[in-house]
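Observations on chain architecture
Letter by letter, the chains look like this.
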Amino acid sequence: MNEQILIIEDNDLNRELVTDLLEARGFIVHQAREAEEGLRLAREHMPDLILMDLSLPGMDGLAATRALREDICIRHLTVVALTAHAMKGDEQTALHAGCDAYLTKSIDTRTFVGKMETFIGLSKTQKV
Ligand code: MN
């Protein structure tokens, strides 16, 4: 059974890079360019992990994560925040909004997939 990851990211290059890396390792990847579409795909596919860009046009990633945590169908899903800003306080802001973890762009292609596998493993351990 292949693990499913949903990436919600408006930057085409970054979204495609992440998708390529994950698909090469056998993950099924669902892609959304904006938050509402992402939430819809989350309800449809119940992915093992959601990668949530915090800076999205319209509803941003923090608001989308809060909305997800208020939706009884998908509130249990694992959300990892993606942000370009390594600003102090961002991690706390992301965690307060309901993200489980936090990753700073740009992505390190050598370690990225391993991190995703760790996040999924951890989330399963915590939820057994
Ligand atoms: Mn963005």
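Presented here is a report on the structure given in the accompanying data block. (Residues numbered from 1 in each chain as written. Predicted model: local features only at pLDDT ≥ 70, side-chain atom pairs only at ≥ 80, totals over all residues. Heavy atoms only, no water.)

**A short note on the sheet that holds strand β5 (residues 101-104)**
The strand order across the open sheet built from 5 strands is β2-β1-β3-β4-β5, with neighbouring strands paired in parallel fashion. Lying at the two open borders of the sheet, with one neighbouring strand each, are β2 (28-32) and β5. Along the sheet, successive strands turn relative to each other by an average axial angle of 20°, direction set aside. As paired strands, strand β1 (residues 4-8) and strand β3 (residues 49-53) are joined by 4 bridges and run parallel to one another. Among the inter-strand pairings, L6 is bridged to a residue of β3, identified as I50. Taken strand by strand, helix α2 (residues 35-45) contacts β1, β2 and β3, and its axis lies near 170° from that of β1. This element, helix α3 (residues 61-69), spans β3 and β4 (79-83) of the sheet and lies at about 145° to β3. (Pairing = 2+ DSSP bridges. Helix = DSSP H or I, 4+ residues; strand = E, 2+ residues; numbered from the N terminus. Axes fitted to C-alpha atoms, helices over the stretch in contact; angles between N-to-C directions. Contact = heavy atoms within 4.5 Å.)

**What to know about the nonpolar core**
Ranked by size, the top nonpolar core spans 22 residues in total, and within it I8, I50 and M52 carry the most contacts. Mapped by element, the contributors of at least two residues to this core are β1, α2, β3, α3, β4 and α4 (90-97). In terms of residue count, the dominant contributor to this core is α2 (4 residues). Look past the residues within four positions of I8 in its chain and what remains in contact with it is A32, E34, A35, G38, I50, L51, M52, D53 and L56. (Core = buried A, V, L, I, M, F, W, Y, C linked by side-chain atoms within 4.5 Å. Buried < 20%, exposed > 50% of the residue type's maximum accessible area, 1.4 Å probe, protein only.)

**Here we look at α3**
Residues of α3 that are buried: G61, L62, A64, T65, L68 and R69. Viewed end-on, α3 has its buried residues packed into an arc of 160°, placing them on one side of the element. Tucked inside the fold, the buried residues of α3 contact α2, β3, β4 and α4. For α3, the N-terminal capping position is held by D60, with its side-chain oxygen 3.1 Å away from the main-chain nitrogen of L62. (Arc of directions from axis to C-beta. Polar contact = N/O pair within 3.5 Å; in protein donor to acceptor, adjacent residues only side chain to side chain.)

**Side note on the coordination of the manganese ion**
Tetrahedral coordination by four donors places them ideally at 109.5 degrees to one another around the metal; octahedral coordination by six donors ideally gives 90 or 180 degrees. Here the manganese ion is held by D10 (OD), D53 (OD) and S55 (O), and the distances to it run 2.1 Å. Spacing between the donor residues of the manganese ion along their common chain follows D-x42-D-x1-S. Taken together, the residues span a long stretch of sequence, with D10 in the loop between β1 and α1 (12-24) and S55 in the loop between β3 and α3 at a distance of 45 residues. (Donors = N, O, S within 2.8 Å, 3.2 Å for Na, K, Ca; no water.)

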